[in-house]
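# Coordinate inspection notes
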Amino acid sequence: MKKIISFCLALMLLSVLIVSCAKDEEAYVLSNDCYVSGVTLGYTKRMVHVTTQDGKDSTYYVSLNGQYYPMTVDQRNLLIYNEDSLPYGTQVSAMLATVSAAGYVAYRPAGDEEAQWLSYSATDSINFSTPLSVRVVSMDGTAFREYTLKVNVHRQDADDFTWKQMPAAEVLQGMEQMKSVCWRNRLFVWGYVNGAVKVAYKELVGTQEWTLANTVGCEGADITTLQVLGDRLYMNGMDGVVMTSTDGLTWATTGPETVECLVAVGARYVYALSDGRLYRSEDGRLWQQEKLDEASSFLPVQETASVCYTMPNGDERILLMGSRDRTVHTGDTSTVVWGKYWNRSWTEDAAGWMFFNVAPDNRYVCPCLKNLTLFRYDDLLIACGGESLDGKHAALDAFYVSVDNGITWKTDDVLLPPAALKGTRKPLAVAVDDEAFIWMVCGTDVWRGRLNRLGFEKK
C-alpha cells in the first residue's frame, strides 16, 4: 500500500538517513538539483472488443508494454506526456512506471489542492486516468519543480470504421447517372435532371448547404466518363466528343478527334478506349495508342473504373478494371483488371499496360458490378457498386478490398458500406477527400465515413 506522507516529513527522514550513514570525518553536501529526466511506462492490460460469428459482442484482454509509447519530458513547459497515444481500451488506472529524477518525487491529481501527496515508488502502481501533478524536491530541501503528467489514451478504436449520415441533399432529387469527386475543397456531384446535365456541390468543411447549378457546353455528356487531371475536368459525350472544364460548370470541346469512352487518368495523361484499343492524351486533343501485353479483347468496355496512386517507394500506378461485353463474353464471372506503373527512370508514356490474368486457384475476385467505383484508401484499393451483373450480389453488399494492387479482392469485416444502403437501387456516387473521409451519395442520402486512426491528430 502506498504511504501518504508530507513533504516536510519526507525531507526530515531523508536528511536523518543520510546523516546517520555518514562517517564522522566526512562532510556531505546535499544537492539542490530537482528535475525529472525520464519516465517509462510499464506493462498493463488492454481490453479488446470483437464480434463473434453469431454477431454477438465479446471482449478479451491482452498485455501491453508501455515502454513502446515513449513519454516526452518538456522541461521548458514542465509537461510530461506521450505523443503516441496508448491504444483504445488500455487500462491505465493501476500502472507501473519508472521515473528517473534528481531529487525526491511525489505526485497527486492535478488541480486538486486538497489531495495529499503520494510518495513515488517504482513498485507501486499509479492511477494515470487523470493528469497528475508531479513534484520533485531537491535533496537539500531548498528547491522544488512541479510538472503536469498526462498519459494519453485514444478515445476511439483506431481500427474501427465509422459512418455518419449527413443532412440529406434535397437538390439531388431526381438526379440520374451520378458521378462525384472531391475537388478544390468541395464535394461535386454531376448528373442528369430531366434530361439536362446539372452539378451540385457543397463545401467539404463547414456549411452543409448544397448548391445546384446549370452547366453549359456539355449537353449529351456521358457523366460516368468524368475524370480529373490536375486543374481540369474531362468527360466525353455519347457521340465521342471530348469536353473539358476548369470549374465544372462551363465546358468546351477539346478538338475534332473523338473517343468512345474516357476511362482513366495518370499523372500526365488522360486515357480512353476507342476501336478496341487504349489511347492516351495530355490535353484531350491528340491521342496516341498505348502498349498492351495482352490482346485488346481483354480490355473492359463497360462499367469501367480506375484509380491513379503513388506507392510508398515512389512508384506510380494506374489500375483500370471493368467488365467485357457480356453479350460476347458470357462466361465472365469477375471484372477484368489492367495495371500500369512507372517511376523516375521509366516515364508514364514509356510504360505499358499489364493484364492481370486470374490464376485458377484465385478465389478472391471482384464480381462484375453495375456502376463500379474504385478508390484508394489507407494504402488499399477498394471497389464497390450496384448489384452484380449476374444478380448474385446485392448493391453495396460489401467493399471488395485489395492489398496487392488488384490481384486479389477480399471482403472486409471493418471496411463496410453503410448497412442502410445495402440493396439500394438509387443512383450512387463515391469520392474520397484529403482528410481521408469517404463520401457516399445515394439518391439524396449523403454518408461520410472514416477509419478512426486516419483522423487522429499527427504531432
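These numbers come from a predicted model, not from an experiment.

What counts and how
- Residues numbered from 1 in each chain as written.
- Predicted model: local features only at pLDDT ≥ 70, side-chain atom pairs only at ≥ 80, totals over all residues.
- Heavy atoms only, no water.
- Helix = DSSP H or I, 4+ residues; strand = E, 2+ residues; numbered from the N terminus.
- Rg over C-alpha atoms; globule rule 2.2 N^0.38 Å.
- Contact = heavy atoms within 4.5 Å.
- Areas by Shrake-Rupley, 256 points an atom, 1.4 Å probe, with all protein chains shown as cover.
- Lys, Arg positive; Asp, Glu negative; His and termini not counted.
- Charge placed at Lys NZ, Arg CZ, Asp CG, Glu CD.
- Phe/Tyr/Trp six-rings, centres within 6.5 Å; stacked < 30°, edge-to-face > 60°.
- Buried < 20%, exposed > 50% of the residue type's maximum accessible area, 1.4 Å probe, protein only.
- Lys NZ or Arg CZ within 6 Å of the ring centre and 35° of its normal.
- Pairing = 2+ DSSP bridges.
- Axes fitted to C-alpha atoms, helices over the stretch in contact; angles between N-to-C directions.
- pLDDT = per-residue confidence, 0-100.
- Core = buried A, V, L, I, M, F, W, Y, C linked by side-chain atoms within 4.5 Å.

## Quick word on the overall build of the chain
A count of helices and strands for the chain gives 1 helix and 34 strands. Since a compact globule built from 459 residues should have a radius of gyration of about 23 Å, the 31 Å found for the chain marks it as more spread out than a globular shape. Dimensions of the chain, computed from the C-alpha atoms along their principal axes, are close to 105 × 50 × 50 Å. If you take every contact in the chain between residues at least 6 apart in sequence, the share linking residues at least 24 apart comes to 53%. When the accessible surface of the chain is summed, it comes to about 24100 Å², and 49% of that surface belongs to carbon and sulfur atoms. Here the chain holds 42 positive side-chain charges and 56 negative ones, and the gap between their average locations is 2 Å.

## Thoughts on the packing of aromatic side chains
Counted by the stated rule, this structure contains 10 aromatic pairs. Residues F298 and F355 carry aromatic rings whose centres are separated by 4.8 Å and whose planes lie at 35 degrees to one another, so their mutual orientation is tilted. Taken together, the positions of F298 in the loop between β23 (288-289) and β24 (302-310) and F355 in strand β27 (residues 354-355) put the pair 57 residues apart, joining distant regions of the chain. Looking at F298, the relative accessible area reads 26%, which means it is partly exposed. Residue F355 is classed as buried on the basis of its relative accessible area, which comes to 14%. An aromatic cluster is present here, built from W183, F188, W190 and Y201 joined pairwise through their rings. Here the basic side chain of R280 rests over the ring of Y269, its NZ or CZ set 5.4 Å away from the ring centre.

## Examining the sheet that holds strand β33 (residues 438-442)
Sheet architecture is open: 4 strands sit in the order β11-β34-β33-β32, paired in antiparallel fashion. One side of each edge strand has no neighbouring strand; the edge strands of this open sheet are β11 (161-166) and β32 (428-432). Averaged over all adjacent pairs, the angle separating strand axes in this sheet is 20 degrees, with direction ignored. As paired elements, β32 and β33 share 5 bridges and run antiparallel to each other. Within β33, the residue paired with A429 across the bridge is V441.

## With respect to the environment of A196
On the secondary structure map, A196 appears in strand β14 (residues 196-203). Judged by relative accessible area, A196 falls into the partly exposed class, the value being 33%. Once the C-alpha coordinates of A196 and T215 are considered, the two residues, 19 residues apart in sequence, prove to be 8.4 Å apart.

## A short note on the environment of K45
Its location among the elements puts K45 in strand β2 (residues 43-51). Residues in contact with K45, not counting those within four places in the same chain, are Y61, V62, G89, T90 and Q91.

## Observations regarding the confidence of the model for the chain
When the pLDDT values of the chain are averaged, the result is 90; 92% of them are 70 or greater. For the stretch residues 1-25, pLDDT sits under 50, and the model shows 26 contacts to residues farther than four places along the chain or on other chains.

## Thoughts on the side chain of S85
Following the sequence through the fold, S85 ends up in the loop between β5 (79-82) and β6 (97-102). Relative accessible area serves as the criterion here: at 16%, S85 is assigned to the buried category. Not counting chain neighbours up to four residues away, the residues in contact with S85 comprise Y69, N152, V153 and H154.

## Here we look at the sheet that holds β23
An order of β20-β21-β22-β23 is seen for the 4 strands of this open sheet, with the pairing classed as antiparallel. Both edges of this open sheet fall to β20 (261-265) and β23, since each of them pairs with a single strand only. Judged from the 4 bridges that link them, β20 and strand β21 (residues 270-274) form a sheet pairing that is antiparallel. In the sheet register, A264 faces β21, and the bridge partner there is Y271.

## Structural notes on the nonpolar core
The biggest cluster of nonpolar side chains holds 25 residues, and the ones touching the most others in it are V36, L41, I80, F128, L149 and V151. Looking at this core, the elements that each hand over two or more residues are β1 (35-41), β4 (71-74), β6, β7 (104-109), β9 (132-137) and β10 (144-150). With near-sequence residues (within four places) excluded, L149 lies in contact with V39, M71, I80, F128, P131, L132 and V134. Counting 20 residues, the second largest nonpolar core, distinct from the first, contains F399, L421, V430 and A436.

## Examining the environment of K198
Along the polypeptide, K198 turns up in strand β14. Taking the C-alpha atoms as reference points, K198 and S121, 77 residues apart in sequence, are found 69 Å from one another. When neighbours within four sequence positions are excluded, K198 is seen to be in contact with M175, V189, W190, G191, V193, L212, A213, N214 and T215.

## With respect to the pairing of strand β28 (residues 373-377)
Counting buried positions along β28 yields 5 of 5 residues, so the element is predominantly enclosed. Here β28 shows no split at all, with T373, F375 and Y377 on one side and L374 and R376 on the other all buried. One ladder, built from 5 bridges, connects β28 with strand β29 (residues 380-384); its direction is antiparallel. Residue Y377 lies in a different strand from β29, and its bridge partner there is L380. Here β28 folds back onto β29 in antiparallel fashion, the turn holding 2 residues, of which D378 has a positive phi close to 55 degrees.

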